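In case you want the letters, here they are:
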Amino acid sequence: RRGMIAEAETAGMLGDVRTLLEITYRPMAEVADSTGQYTYARFLHQTLLYRGISSRWPIVPPEVAGPNLDIARRLHEQTGGFSKAKFDRHIEAVAGLYLASMSARGLAVAQRQRVAPFEVFFDDLLSMMTAALLAGVPSQAHAPQPARAYRIDSRATKPTGRKSR
């Protein structure tokens, strides 16, 4: 994440919702076991169904993000003044979408179904997550943008296990 944050900062993208979501979720998305399963995402999906999700999850720790980058606060600012409760509901939707999508992809891989290449899948997922977070934002200033040429270099992360297909 440090590399992703540095790259986004250099590009002036630390105020961009999609970039902040990518910094938050990509490192977890690249964690797959030797069979292509996203067991960590499935574990979290099951756990959080019973425990609940809020803007406190996932947290990018200050020692990684740096003392001046509070990603949850920056995301909240981009929602155009959502109350804390409404922001939490949107973050729940985003996290649920992420976890369900990762779990479904892992199961499809296990069942030897055809799946989109990881970068195509994750780009689509980021678009959906951005739209979910910004749904209901009163201003079009932060409306979701189509996928752009700028993309955080995934090599800035250090994936654990095998890269997804």
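Model, not experiment: these values are computed from the prediction. (Residues numbered from 1 in each chain as written. Predicted model: local features only at pLDDT ≥ 70, side-chain atom pairs only at ≥ 80, totals over all residues. Heavy atoms only, no water.)

## Topic: the environment of Ser 103
At step 1: Relative to the assigned elements, Ser 103 resides in helix H6 (residues 84–110).
At step 2: A C-alpha to C-alpha distance of 7.8 Å links Ser 103 and His 45, two positions 58 residues apart in sequence.
At step 3: When residues no more than four places from it in sequence are discounted, the contact partners of Ser 103 are Ala 41, Arg 42 and His 45. (Helix = DSSP H or I, 4+ residues; strand = E, 2+ residues; numbered from the N terminus. Contact = heavy atoms within 4.5 Å.)

## What about the environment of Val 17?
At step 1: Within the element layout of this structure, Val 17 appears in helix H2 (residues 17–29).
At step 2: Residue Val 17 is classed as buried on the basis of its relative accessible area, which comes to 7%.
At step 3: Each C-alpha atom of the pair Val 17 and Leu 75 lies 6.2 Å from the other, and the pair is 58 residues apart in sequence.
At step 4: Leaving out residues up to four positions away in the same chain, Val 17 has contacts with Leu 75, Gln 78, Thr 130, Leu 133 and Leu 134. (Buried < 20%, exposed > 50% of the residue type's maximum accessible area, 1.4 Å probe, protein only.)

## Looking at the confidence of the model for the protein
At step 1: Per-chain confidence: the protein averages 78 in pLDDT, with 71% of residues scoring 70 or above.
At step 2: No element of the protein has a lower mean pLDDT than helix H4 (residues 62–65), at 66, and none a higher one than helix H7 (residues 118–134), at 94.
At step 3: Note that residues 140–144 has pLDDT below 50 and, in this model, six contacts with residues that lie over four places away or in other chains.
At step 4: Of the regions scoring below 50 in pLDDT, residues 154–165 engages in 32 contacts with residues more than four places distant in sequence or in other chains. (pLDDT = per-residue confidence, 0-100.)

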